[in-house]
Amino acid sequence: MLPSFFIAHGSPSLAVEQHAYTEFLQKLVSGIPTPKAIVLFSAHWKSHIQKISSSAQMDTIYNFSGFPKELYAIKYPARGDLTLSLHIQQLFQDEGIRCELDDERGLDQGAWVPLHLMYPDALIPVVALSVNPRLTAEEHYRIGAALAPLREENVLILGSGGTVHNVNQWDPNNPVPRVWAVAFDEWLAEQLETWNLDALIRYDERAPSARQAVPTPEHFAPLLLAMGAADTSRSAKLLHHSFQMGTLSLSCWMFGAKPKS
């Protein structure tokens, strides 16, 4: 059974940067079997009903501006998997989760940037899933849990977003993380490692500096979605953690992996 992962996708320039986090992502999947497909929730695909990509060929979406030209030259030509898309639709419907297929959506920054680093050959089929910012944390967890059976089918489930993601307070000239940003991520790590769902689904009330760390929910939601996918085998492990620009957390969590004996 494959684990699920939450991956911080950082800024678009992550695709061409070279530092400890990009090196980590390039090596991340070397220790797991090659999946037959990837299912990815992206913070940059927002919709008010759960969307499931169903196109045969995934276009590369450049949903950003003002970045180096080399970024716009990157293509991630992954193919889709309609059979898997329909399977996901049925899993959601079985749990009473409203959803729709979308045969036009490609892969946005939140999807292709980490995939470009993890699986640069783009040979594995990808199904992209949207994030609904109107839902509660508990509802996001439930959506992820509906996909738990896919892990037994050699499908890799990824949530792509950011735990501390405050773009209004980014400081490109200061790599030192803000005190409140560190406090939030430390609180979060404690709750994840103990699988404290009661605290996590109320993170906006209980976590220190939650409003600063998570000014809008769409980047935090993929963490809960990936966590929910491991509801049947509850374990969480922090694999990487660093900061950029003071308030951009670059973290990766693995969920549902069996501890080594």
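Everything below is about the structure printed above this text.
Residues numbered from 1 in each chain as written. Predicted model: local features only at pLDDT ≥ 70, side-chain atom pairs only at ≥ 80, totals over all residues. Heavy atoms only, no water.

## Overview of the nonpolar core
In this structure, Leu107 and Tyr119 are the most contacted members of the largest nonpolar core, which totals 40 residues. Of all the secondary structure elements, the ones that give two or more residues to this core are β1 (4-8), α1 (20-28), β2 (37-46), α4 (109-118), β5 (126-131), β6 (155-161) and β8 (248-255). If sequence neighbours within four positions are ignored, Tyr119 has contacts with Val29, Ile32, Pro35, Ile38, Tyr76, Ile124 and Leu156. Judged by nonpolar contacts, the second largest core, of 30 residues, contains Val164, Leu192, Phe243 and Trp253. (Core = buried A, V, L, I, M, F, W, Y, C linked by side-chain atoms within 4.5 Å. Buried < 20%, exposed > 50% of the residue type's maximum accessible area, 1.4 Å probe, protein only. Helix = DSSP H or I, 4+ residues; strand = E, 2+ residues; numbered from the N terminus. Contact = heavy atoms within 4.5 Å.)

## Structural notes on the layout of surface pockets
Approximately 220 Å³ is the volume found for the second largest pocket. In terms of lining, the second largest pocket is formed by 16 residues, of which the most central are His44, His165, Val167, Trp170 and His219. Residue composition of the lining of the second largest pocket, grouped by class: five nonpolar, ten polar and one charged. (1 Å grid on protein atoms, 1.4 Å probe; cavity = no way out; pocket = protein on both sides within 12 Å on 5 of 7 lines; lining within 4 Å. Points joined across faces, edges and corners; volume = space filled by probe spheres on them. Nonpolar A, V, L, I, M, F, W, Y, C, P; charged D, E, K, R; others polar.)

## Here's the deal with the pairing of β1
Burial analysis of β1 places five of its five residues in the buried class, which makes it a mostly covered element. By the alternation rule, side chains of β1 split into Ser4, Phe6 and Ala8 and Phe5 and Ile7, which are all buried. The pairing of β1 with β6 spans five bridges and is parallel. Each bridged residue has a counterpart across the sheet, and for Ile7 the counterpart in β6 is Ser160. When β1 meets β8, the two strands line up antiparallel, connected through four bridges. Looking at the pairing, Ile7 lines up with Cys252 of β8. (Pairing = 2+ DSSP bridges.)

## Regarding the packing of aromatic side chains
According to the stated counting rule, one finds eleven aromatic pairs in the structure shown. Measuring from centroid to centroid gives 6.1 Å for Tyr21 and Phe24, while their planes differ by 15°, and the two rings are stacked. Taken together, the residues Tyr21 and Phe24, both in helix α1 and three residues apart, mark about one turn of the helix. One exposure class covers both Tyr21 and Phe24, and it is buried. Look at Phe64 and Phe67: their rings are 5.5 Å apart centre to centre, the planes differ by 80°, and that puts the pair in the edge-to-face class. An aromatic cluster is present here, built from Tyr62, Phe64, Phe67, Tyr72 and Trp112 joined pairwise through their rings. (Phe/Tyr/Trp six-rings, centres within 6.5 Å; stacked < 30°, edge-to-face > 60°.)

## Section: the side chain of Lys51
Along the chain, the position of Lys51 falls in strand β3 (residues 50-53). There is no salt bridge for the buried Lys51, and the closest opposite charge comes from Glu100, which lies 4.0 Å off by N-O distance. Apart from the residues lying within four places of it in its own chain, the contact partners of Lys51 are Trp45, Glu100, Asp102, Ala128, Leu129 and Ser130. (Lys, Arg positive; Asp, Glu negative; His and termini not counted. Salt bridge = Lys/Arg side-chain N within 4 Å of Asp/Glu carboxyl O.)

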